[in-house]
Amino acid sequence: MPIDFKGLNVVSFESRKSTEMAELIKAASGKPIIAPSMQEVALEHNTEALAFAELLFSGKIDVLILMTGVGTRLLAKAVAAKYLNEKFAQALESTQIVALGPKPVIALRELGLAPTMIVPKPNTWTDLLSTLDQRLPVQGKTVAVQEYGHSDPELIKTLEDRGAKVVPVPVYRWALPEDLGPLRHAMKCIIDEDAQGADFALFTSSTQVRHLFDVAKADGKESQLLDAFKRVCIGSVGPVASRAIVEQGLAVDYEPDTPKMSHLVREMARRGSDLLRKKRTAFQNGIDTNNWKRIHMAWQPDPKGQNVSGGQPTIEDSAFMKACRREPTPYTPVWIMRQAGRYQREYLKIRKKVTLLELCKTPELAAEVTLMAVDRLGVDAAIIFADILLVTEPMGLGLEFVKGEGPVIDNPVRTRQDVDRLTEPDVDELSYVFDAIRITRRALRPDIALIGFAGAPFTIASYIIEGGKSRDYAKTKAMMYRDKATWHALMDRMTKILVEYLNCQIAAGADAVQLFDSWVGALCPDDYRQYVLPHVRHIIDGIDKSAPVINFSTGNPALLPLMKQAGGDVIGLDWRADLAEAWSLLGDDVAVMGNIDPVVLYTSPEEIRSQVQAILDKAAGRPGHIFNLGHGISPDMPPEHVAELVDAVHELSAR
Ligand code: CP3
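The structure reproduced in this document is the subject of the present report.

Definitions and limits used
- Residues numbered from 1 in each chain as written.
- Predicted model: local features only at pLDDT ≥ 70, side-chain atom pairs only at ≥ 80, totals over all residues.
- Heavy atoms only, no water.
- Helix = DSSP H or I, 4+ residues; strand = E, 2+ residues; numbered from the N terminus.
- Buried < 20%, exposed > 50% of the residue type's maximum accessible area, 1.4 Å probe, protein only.
- Contact = heavy atoms within 4.5 Å.
- Core = buried A, V, L, I, M, F, W, Y, C linked by side-chain atoms within 4.5 Å.
- Near = heavy atom within 4 Å.
- Polar contact = N/O pair within 3.5 Å; in protein donor to acceptor, adjacent residues only side chain to side chain.
- Areas by Shrake-Rupley, 256 points an atom, 1.4 Å probe, with all protein chains shown as cover.
- Nonpolar A, V, L, I, M, F, W, Y, C, P; charged D, E, K, R; others polar.
- Pairing = 2+ DSSP bridges.
- Disulfide = S-S within 2.5 Å.
- Patch = residues over 30% accessible without salt bridge, like charges linked within 9 Å, V, L, I, M, F, W, Y side chains within 5 Å.
- Salt bridge = Lys/Arg side-chain N within 4 Å of Asp/Glu carboxyl O.
- Lys, Arg positive; Asp, Glu negative; His and termini not counted.
- Charge placed at Lys NZ, Arg CZ, Asp CG, Glu CD.
- Phe/Tyr/Trp six-rings, centres within 6.5 Å; stacked < 30°, edge-to-face > 60°.
- Lys NZ or Arg CZ within 6 Å of the ring centre and 35° of its normal.

## A closer look at the overall build of the protein chain
Working step 1: A count of helices and strands for the protein chain gives 26 helices and 20 strands.
Working step 2: Along the three orthogonal principal directions, the C-alpha set of the protein chain runs to about 90 × 60 × 45 Å.
Working step 3: Taken over 655 residues, the protein chain has a buried fraction of 57%.
Working step 4: Long-range pairs, those at least 24 residues apart, make up 70% of the contacts in the protein chain with a sequence separation of at least 6.

## Examining the nonpolar core
Working step 1: F320, W335 and Y528 are the most contacted members of the largest nonpolar core, which totals 140 residues.
Working step 2: The element contributing the most residues to this core is helix α21 (residues 484-508), with twelve residues.
Working step 3: When sequence neighbours within four positions are dropped, the list of residues in contact with Y528 reads V520, L523, L533, V536, L559, L562, M563 and A566.
Working step 4: Membership of the second largest hydrophobic core comes to 28 residues, among which are A198, L225, V232 and I245.

## Comments concerning the site of the ligand
Working step 1: The local shell around the ligand holds 23 residues, among which R338, Y347, R351, D387 and S518 are the closest.
Working step 2: Within the contact set of the ligand, an oxygen atom lies 2.5 Å away from a side-chain nitrogen or oxygen of Y347.
Working step 3: Within the side chain of S518, a nitrogen or oxygen atom sits 2.7 Å from an oxygen atom of the ligand.
Working step 4: Starting from 880 Å² of accessible surface for the ligand in isolation, the protein chains cover 90%.
Working step 5: Those elements giving two or more residues to the shell around the ligand turn out to be α14 (345-351) and β14 (406-409).
Working step 6: Residues belonging to the shell around the ligand are distributed by class as follows: 15 nonpolar, four polar and four charged.

## Observations concerning the sheet that holds strand β4 (residues 63-66)
Working step 1: The strand order across the open sheet formed by five strands is β6-β5-β4-β7-β8, and the pairing between neighbours is parallel. The open sheet terminates on both sides in strands that have one partner only, identified here as β6 (117-118) and β8 (165-171).
Working step 2: Relative to β8, strand β7 (residues 142-148) runs parallel, the two being bridged by seven bridges. Within β8, the position partnered with E147 by the bridge is P170.

## Details of helix α6 (residues 125-135)
Working step 1: Those residues of α6 lying buried are D127, L128, L129, T131 and L132.
Working step 2: Here the buried face of α6 lies against β4, β5 (96-99), β6 and α7 (153-161).

## Some words on the state of the cysteines
Working step 1: In the structure shown here, the tally under the stated rule is zero disulfides.
Working step 2: Not part of a disulfide, C360 finds its nearest cysteine sulfur in C504, a span of 17 Å.

## Here's the deal with unusual backbone geometry
Working step 1: Here the amide bond leading from K121 into P122 is cis, since omega sits at -5 degrees, within 30 degrees of zero.
Working step 2: Among the structural elements, P122 can be located in the loop between β6 and α6.
Working step 3: The omega angle of the peptide bond from G594 to N595 is -5 degrees, so this bond is cis rather than trans.
Working step 4: A positive phi angle, near 60 degrees, is found at R326, a position not held by glycine.
Working step 5: Position of R326 among the secondary structure elements: in the loop between α13 (319-324) and α14.

## Topic: a positive patch on the surface
Working step 1: Judged by side-chain charge, K293, K349, K352 and K353 come together as a positively charged surface patch.
Working step 2: Following the sequence through the fold, K353 ends up in the loop between α14 and α15 (356-361).
Working step 3: Exposure remark for K353: the relative accessible area of 70% places this residue in the exposed category.

## Quick look at the packing of aromatic side chains
Working step 1: Summed over the entire model, instances satisfying the criterion amount to twelve aromatic pairs.
Working step 2: An angle of 10 degrees between the planes, with centres 4.7 Å apart, marks the rings of F13 and F203 as stacked. Separated by 190 residues along the polypeptide, F13 in the loop between β1 (9-12) and α1 (18-27) and F203 in strand β10 (residues 200-203) bring together distant segments of the chain. You'll find F13 and F203 in the same group, each marked buried.
Working step 3: Centre to centre, the rings of F213 and F229 are 6.4 Å apart; their planes meet at 25 degrees, and the pair counts as stacked. Placement of the pair is F213 in helix α9 (residues 206-218) and F229 in the loop between α10 (222-228) and β11 (233-236), with a sequence separation of 16 residues. The exposure classification of F213 matches that of F229, with both residues buried.
Working step 4: In this structure, R376 is placed above the aromatic ring of Y254, and the distance from its NZ or CZ to the ring centre is 4.6 Å.

Next up, the structure:
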């Protein structure tokens, strides 16, 4: 996905760095509409702060409530524009100071002061009032309230109701710019499609959002603006600006994982036209796009018969699917194992509210994170959000994901009796996965493939037998060697449910399926041939032929020829195999997926590019190459490097 706004109109509300923003947008082939929305207020002009200082010096302030750390610091600076710090500090010492939480306390400490009292957590208004009522009744007192950003008339009224005389002390850092012309012009571009219709709106601070709406309210155009934003793709630099956007009643269409202006422009340029098209199609289909989720987006032909892209793509156009069939593609398709995961801020936000199992079992959420990864990365395939160990539950095993430990099975299988005690699995117990696939497929761009998956029997067995992760698979191998009949009985049980499970995923809409044999590399070729191959072959033979199968393992290139015997349209390998050699060995009648070392994601864009190039060189443009990591992304890998990898594959392989 190139960094390209495709000549569309991009509004920026940045003020101080407006020139830089315009350059960034132009460099990404966008037409900038620059609308500075704020100006810094010189501190010496903060008349309210100075008036407060004078009241304080004359002993007329009994109580000072400090609401924020930033505001406290700014207040001190504003006063310092005219008076000595010592004088201010001295005057404050004879006042009762109430700090709303720890941040004003830190700011006060910089002045050499401490508050009389600190409002306890969660430092809300209610906490403030109950602290005052218990320890410092305000009846008959003069109470100054430091305000930052915006005033809180309700708080003032509540204090007045308690018999206080309230002196609001607003300290501003930002005011509307003197010339509102550019801001009004931008607003017109957003509201009026016939003017220079705005396609993107980029917010790089929360104040920009509030100022835009302040002007809209003053001009009586608030509701028009809200409606107009339903057709405009909204980018936010980070969580604070995003909160302000949502507070106005809008949706954030994109927030980069790294909160930087340059990342916002770059990623919006890369993802933007897709997001814009989605949002406008959804809007044309009657969806309230000021309050929408990815799963609301259904790809249906636009009723006016005119899609923004000028046509409806189909799965036949999918580069990923073509590569699975070894057909030529305009570039090497790429997707990434664990592309939805803890390295993403948006994923973590969801995971804070639900456990991993709850996430997997709530189809709307699972679909949302699946789609989110595609939106953010611009990959050629989605992989349904689920886990290879979910199938253990219908088998009667107790699955848990323990923080710091990974998956745990509390009743591991070690003996023949244990195997015989396993429940006859009912695949319907996994219907939440099928539902997630249905929702995802409906919302996904038609030319992006959706991959369903299952663990391969050895890898699942290793968890079932060990009870969790393992280094040497001692108990697993011990069962294999000591009690072949039990081993094969366990494998047979698994193959049965895995075939059904994968076929149900295909029936629900998965375009391709992957078998993850992540840990089978621990076996030698003879063991693979005897204990694993027949079962994997049985599964692959049982899978509906309409969907290509990716047979994936890691760690042991010596197994590759046997994996090919087991079957699969695509053989997935990791960085330990030399791609050129492995492919020669496998033969040209199979596609290959791989194989960069994920550790490269810790390095730099230059190193990522050079390693991507090396792998593309080994694939040498043979049809049937799918790019992937040899393993999942770790939570501490920089998200911008993941996007960089995807870009590098697309750009360097373009034919
Ligand atoms: O985006 C995707 O790739 C789709 C989702 C997916 C998950 N697990 C979600 C998940 C996929 C394809 C898997 C497969 C999987 N699960 C494998 C094979 C792939 C591989 O990495 O080789 C394996 C071995 C498992 C079993 C499993 N599940 C492990 C070892 C862990 C890690 C435990 C940990 O705490 O790191 C999990 C948990 C898990 N499954 C996560 C994700 C995104 C971790 C994130 C979380 O807890 O939210």
